[in-house]
Amino acid sequence: MKSRSMYLTYSIAWLGGWLFSLLHVPIPWILGPVTTIIFMKFFGKAESKVLPGARDLAFTLLGIQIGLTFSSHTFTYIVPYLVPYTILSLFMIVVSLMIGLYISKMTSVDKTTSLVGSSPGGLSAMIAVSESLNGNSALVTIFHTLRLLSVLFILPFFVTHMLSESSSAAVEPHALTVNDGSIWTILIYLFAFALGWKWQHRIPASLVIVPMLLIGFLQTVGLTFFQLPDFLFVLAQLLIGTFLGHTISLGDIIKAGKTCLYFLTLAIFMIVLGIGLSFLLAAWTGMDIITAVLSLAPGGLVEMAITAEQTGGQPAIVSSLQTIRLLTIILVLPLIFQKYKTYLNG
């Protein structure tokens, strides 16, 4: 029965990716499976099953894909962006938390759940923080799911249809460089996976970040990697989309009722705020607008980097800056929440 459910899950996921690809939907092999699996579970009343370890392998492949977009100039390019980007990211985090606190006063949701649920990123870490502060982890999961879905379905469309054409003359797409690297470099790919897997409990999103930074660094110092077939990266996106669809329950979102509307509104507002601030970031630093918009997206590190690659942005810069945002949220916010634990539980 489990094998039948798994076969159905991946068949429906592939169908969604293929259909979205035909329709030229942005990041089709992620959004297609997400959509069809969610609908399969809700309307078809079917149970989804995924392969154990498939998500880990997919994250590593996508981390490698992003790392391969790094060049010898990537880290040099990032330096001028660090201070402006950090200031704007911190501003977005503060605004999101303030609105989250306001929502707690407008609804029956406690302050802990509302604040942790309004954090613009770091789903897994925020669930752990919610548990430690006695928040409602189920609601936190739903609120972050709404944020992630909003980011995935709004920003790629916005960048593809509103910005990509106007920017295409100034910015060339950053595709993976075709090279003739030695086949032995596959061992480095395997080592990156092993290292990311081992450090899962030490580094947030390690299965993406560790391969990305390791491969990216080695690329910048001149090592040429063996080119993996493109279908592996498409397969990785399919596996990620399937996993996201498997973990998201439309029924749970509907059951949460009116409260979800507040957090959906917050998610959309933060996306709009990020787009507005991206124009400031672009004017401040000279960064191209596609890269700026995707770098300030409130979530979706992997998906935003892939979108940058497909729309003429700079995926290496997007992923590096998104990593800084993610680490800030995961390392700083739990300390703040713990310090004001008495107030939050009051």
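Provided above is the structure to which this section pertains.
In what follows, the accompanying structure is described. Source: prediction; values computed, not measured.

Considering the overall build of the protein
When its secondary structure is counted, the protein shows 17 helices and zero strands. Seen along its three principal axes, the alpha-carbon backbone of the protein occupies a region of about 60 × 55 × 40 Å. Across the 346 residues that make up the protein, the buried fraction comes to 55%. Long-range pairs, those at least 24 residues apart, make up 77% of the contacts in the protein between residues at least 6 apart in sequence.

Observations concerning the nonpolar core
Core analysis: the largest hydrophobic core is formed by 77 residues, its most contacted members being L155 and M304. For M304, the residues in contact, after removing those within four places along its chain, are V151, L152, L155, P156, L294, A297, G299, V318 and Q322. Among the nonpolar cores identified, the runner-up in size contains 11 residues, and L97, L115, M126 and I329 belong to it.

A short note on the side chain of S96
Structurally, S96 can be placed in helix 5 (residues 82-106). For S96, a relative accessible area of 1% corresponds to the buried category. Not counting residues up to four positions away in its chain, the partners in contact with S96 are S118, P120, L266 and M270.

Quick look at the environment of G17
Inspection of the secondary structure assignment puts G17 in helix 1 (residues 2-22). Residue classification places G17 among the buried residues on the basis of a relative accessible area of 0%. Considering only alpha carbons, one finds G17 and Q237, 220 residues apart in sequence, at a separation of 9.3 Å.

Cut-offs and rules
- Residues numbered from 1 in each chain as written.
- Predicted model: local features only at pLDDT ≥ 70, side-chain atom pairs only at ≥ 80, totals over all residues.
- Heavy atoms only, no water.
- Helix = DSSP H or I, 4+ residues; strand = E, 2+ residues; numbered from the N terminus.
- Buried < 20%, exposed > 50% of the residue type's maximum accessible area, 1.4 Å probe, protein only.
- Contact = heavy atoms within 4.5 Å.
- Core = buried A, V, L, I, M, F, W, Y, C linked by side-chain atoms within 4.5 Å.

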